[in-house]
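A look at the structure
Residues per chain are reported as follows:
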Amino acid sequence: MTSRNNYFYTHFAPEVRDHLEAGAFRALCKHLRDRSGSVHNIDLLIVGGFGRNCLAKWLVKAARQLSSQIGDSDPKGVALLDAFGHSQATREVYGCDFFKWKKKYPENATLEQVQRYQQALPIQAVHKEDTMLKTGMTVAMTEEFDSKFKMRVEAGAFRSLLDHLSDRSDVVQNIDLMTTAGFCRNCLAKWLVVEARKLSTIIKGVCEGTFTDEEKQLVTDLDAFGYDEAAKYVYRMDYDQWKEAHQRKATEKQMALFKASMPIHAKHDKNLLETKCEQGPPSYEAPPDEPTQETSFNIPSSSPLKTPQRDAPQSKPSILSNVCCEDLDSPSFPQMGQLSLTGTSYKPPPPPRVNLSLKVGILTVSDRAANGEYENGDLSGPAVEQALSSNINKINAMRNEVDDTRASVSFCVKAIVPDDIEEIKSHLQQWCGLRDGGPVCDIVFTTGGTGFSDRDVTPEATLDVIEKEAPGLMSFVTNLCASTQPLAPLSRGTAGICEETIVVNLPGNPGGVGQVLDILVPLLLYAVRDVKGL
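Please read all numbers here as calculations on a predicted model, not as lab measurements. (Residues numbered from 1 in each chain as written. Predicted model: local features only at pLDDT ≥ 70, side-chain atom pairs only at ≥ 80, totals over all residues. Heavy atoms only, no water.)

Topic: the overall build of the protein chain
Helix and strand content of the protein chain: 23 helices and six strands. Per-residue burial for the protein chain yields a buried fraction of 51% across its 534 residues. Considering only contacts within the protein chain whose residues lie at least 6 apart along the sequence, 81% involve residues at least 24 apart. For the protein chain, the accessible area works out to roughly 24,800 Å², and carbon and sulfur atoms hold 51% of it. (Helix = DSSP H or I, 4+ residues; strand = E, 2+ residues; numbered from the N terminus. Buried < 20%, exposed > 50% of the residue type's maximum accessible area, 1.4 Å probe, protein only. Contact = heavy atoms within 4.5 Å. Areas by Shrake-Rupley, 256 points an atom, 1.4 Å probe, with all protein chains shown as cover.)

What follows is the structure, given as structure tokens:
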């Protein structure tokens, strides 16, 4: 049960609670805006299961819920709430247009971040009703919305965040939130207290010492509202009880990272947080306690998010956001670096004894990536770059003492295009030397567009460009991957030769990219050698 028998409910009317929650939500958004260059969305998703875009989507969710509550009693209000969409919500969270923010603060995920992001998928927020996020309003509508509904919508988003964190009490630790984002549940409680002090000051200023009994009681209740009461609301129980049930002892590594991250930590005025008077009697009856669903998450045993076994069984299936998480346009694969070829007779060939300086192009094919819709930017392109560089380093390390040859790689061209066959062909033709302008690559890797949807046309574009198909390469990869991933054959990627360039279609899943290149890179070195006649 989620207990509502606490100060926040028994001493504050709903509109006062909304005021405090909305203020705390705005404080959080400002905190994140002030740290736009140092707090990355992908890291928030890894440690907390939510990012800035989740905050925006919770705003939209609150608007829709409020619209349903109002119903026929206020048709104009319903129209305003229903017109509030994701673009308006992201401006509230980011402080500007989302795409303008992305351009100013680009987030290029590393291979380690991609790996941890995928491990954290089970804890990430689920946002339903995606189709309801794509609406909009005029400037005049925005002004009216702000005056009538903004505070209640912000309060609703704040409650969604508390619910999210409450459901993940075991796996989302305060120390990790502080290290990554500079705030934790305790900060949310303190921001509530700060808002109580602000509201008390406003009331005192307006009333100028002349209070009604109701106003006097409210000021008393606001001034007596302290951190302990706020924490009980945020944690859904006494803080000490929460710590005993859910908080894990920090490791030396966690403590070191925590100390290193102190420059981004939220600062709180201790004087403001102190209670100003004794608590008065309750003014309201606490609403009935809410039944709480037991929530647990299937975290891979190797994940840094894995918690010690609790008494309660963990049986709820993993949840994956259909909005915040990357849409994968090809079959899912095991985690990067986890591909096992046990049970097969395959052994990677030794590297060819020839010096190879590879010029590589990476073409990401994705409508959403091309439109800048992914919160964390393109993940598959960087995954190709990281996996290829890692494999080249491993191959060079395999050479024996008498083999002084080496392979090196430079990424001469990169691009992101939508799932459009002509755009894909245009880039492939230029990078293969069929058109003037731009470097000619030794290998071009495409990533994405190899699935079964209508928009998946990368193999068809590739076949239109290449002169010789190399079906054995991708068939071999598929056969090996199928031993650990039954859906691997659903990737339709192809490969072939155009002039002196080898073109290879990789899946759009960042995890799949790593596994495929683990198999392909040793073979591609021989292929490049032969194409060049070395």
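Brief notes about helix α22 (residues 471-482)
A rise of 1.5 Å per residue sets the reference length of α22, with its 12 residues, at 16 Å; its end C-alpha atoms lie 17 Å apart and thus fit the reference within 8%. The set of residues buried in α22 consists of L473, M474, V477, L480 and C481. Down the axis of α22, the buried set is contained in an arc of 125 degrees. They therefore lie on one face. For α22, the elements touching its buried residues are β5 (495-498), β6 (501-506) and α23 (510-532). (Expected span 1.5 Å × (residues − 1). Arc of directions from axis to C-beta.)

Looking at the side chain of E195
Within the fold, E195 resides in helix α12 (residues 185-207). E195 sits in the buried class, given a relative accessible area of 7%. When neighbours within four sequence positions are excluded, E195 is seen to be in contact with L20, G23 and A24.

Notes on helix α19 (residues 380-398)
For α19, with 19 residues, the first-to-last C-alpha span of 27 Å sits near the 27 Å given by 1.5 Å per residue. Residues of α19 that are buried: S380, G381, P382, A383, V384, A387, L388, N391, I392, I395 and N396.

Here's the deal with the sheet that holds strand β2 (residues 407-417)
The sheet built from six strands is open, its strands ordered β2-β1-β3-β6-β5-β4 with mixed pairing. With one partner strand each, in any of the chains shown, β2 and β4 (468-469) form the two edges of the open sheet. Packed onto the sheet, helix α21 (residues 458-465) meets β1 (356-365), β3 (443-447), β4, β5 and β6 and runs at close to 170 degrees relative to β6. (Pairing = 2+ DSSP bridges. Axes fitted to C-alpha atoms, helices over the stretch in contact; angles between N-to-C directions.)

Topic: the packing of helix α2 (residues 14-34) against α12
Orientation of α2 relative to α12, taken along the N-to-C sense of each, is 120 degrees, at an axis distance of 8 Å. Between α2 and α12, the angle falls in the class oblique. α12 is crossed by α2, and the crossing has right-handed handedness. In this structure, α2 uses V16, H19, L20, E21, G23, A24, A27, L28 and H31 to contact α12, whose residues at the interface are L188, W191, L192, E195, A196 and L199. Split by residue class, the contact of α2 with α12 holds 10 nonpolar, three polar and two charged. (Parallel < 35°, antiparallel > 145°, perpendicular 65-115°, else oblique. Left-handed = near helix turned anticlockwise from the far one by under 90°. Nonpolar A, V, L, I, M, F, W, Y, C, P; charged D, E, K, R; others polar.)

Some points on the packing of α19 against α23
Two elements in contact, α19 and α23, have axes separated by 9 Å at closest approach and are oriented at 40 degrees. Taken together, the axes of α19 and α23 are oblique relative to one another. Here α19 runs over α23; the crossing is right-handed. Packed against α19, whose contacting residues are S380, A383, V384, A387, L388, N391, I392 and I395, the element α23 presents P510, V513, G514, L517, D518, V521, P522 and L525 at the interface. Residue classes in the contact of α19 with α23 are distributed as 12 nonpolar, three polar and one charged.

Brief notes about the confidence of the model for the protein chain
Mean pLDDT for the protein chain: 82, with 82% of residues reaching 70 or above. Scored below 50 in pLDDT, residues 299-344 makes 132 contacts in the model with residues more than four places away or belonging to other chains. (pLDDT = per-residue confidence, 0-100.)

Concerning the pattern of salt bridges
Scanning the model with the defined rule gives 17 salt bridges in all. K198 is paired through a salt bridge with E195; the nearest N and O atoms lie 3.3 Å apart. Of this pair, K198 and E195 both sit in helix α12, three residues apart, which is roughly one turn of that helix. Residues joined in a network through salt bridges with shared partners are D18, E21 and R159. (Salt bridge = Lys/Arg side-chain N within 4 Å of Asp/Glu carboxyl O.)

Looking at the nonpolar core
Core analysis: the largest hydrophobic core is formed by 87 residues, its most contacted members being L20, F50, V153, F183, L188, L192 and F225. In terms of residue count, α12 provides more of this core than any other element does, 11 residues in total. With near-sequence residues (within four places) excluded, F183 lies in contact with L28, H31, L32, L44, F50, L177, M178, L188 and W191. (Core = buried A, V, L, I, M, F, W, Y, C linked by side-chain atoms within 4.5 Å.)

Examining unusual backbone geometry
Of note, R236 is a non-glycine position whose phi angle comes to about 70 degrees, a positive value. Turning to its location among the elements, R236 is positioned in the loop between α14 (227-235) and α15 (239-246). Given the relative accessible area of 14%, R236 is considered buried. Residues other than glycine seldom take positive phi values, yet E499 does so here, at roughly 55 degrees. When you line up the elements, E499 lands in the loop between β5 and β6.

A word on the layout of surface pockets
Any empty space left between atoms is shown by rolling a water-sized probe over those atoms. Within this model, the second largest pocket holds a volume of roughly 840 Å³. As for the second largest pocket, its lining consists of 31 residues, and the residues nearest its centre are V47, R116, D176, T179 and L257. Of all the secondary structure elements, the ones that give two or more residues to the lining of the second largest pocket are α3 (41-48), α8 (111-119), α11 (174-181), α15 and α16 (252-260). In terms of residue count, α11 provides more of the lining of the second largest pocket than any other element does, five residues in total. Grouping the amino acids of the lining of the second largest pocket by side-chain chemistry returns 12 nonpolar, 12 polar and seven charged. (1 Å grid on protein atoms, 1.4 Å probe; cavity = no way out; pocket = protein on both sides within 12 Å on 5 of 7 lines; lining within 4 Å. Points joined across faces, edges and corners; volume = space filled by probe spheres on them.)

Let's talk about the environment of E154
Within the fold, E154 resides in helix α10 (residues 150-167). For E154, a relative accessible area of 4% puts it in the buried group. Each C-alpha atom, one on E154 and one on E21, is 7.3 Å from the other, the two residues being 133 residues apart in sequence. In contact with E154, other than residues within four places in its own chain, are A22, F25, R26, L59 and E92. Only 2.5 Å separates the side chain of E154 from the side chain of R26, close enough to count as a polar contact. (Polar contact = N/O pair within 3.5 Å; in protein donor to acceptor, adjacent residues only side chain to side chain.)

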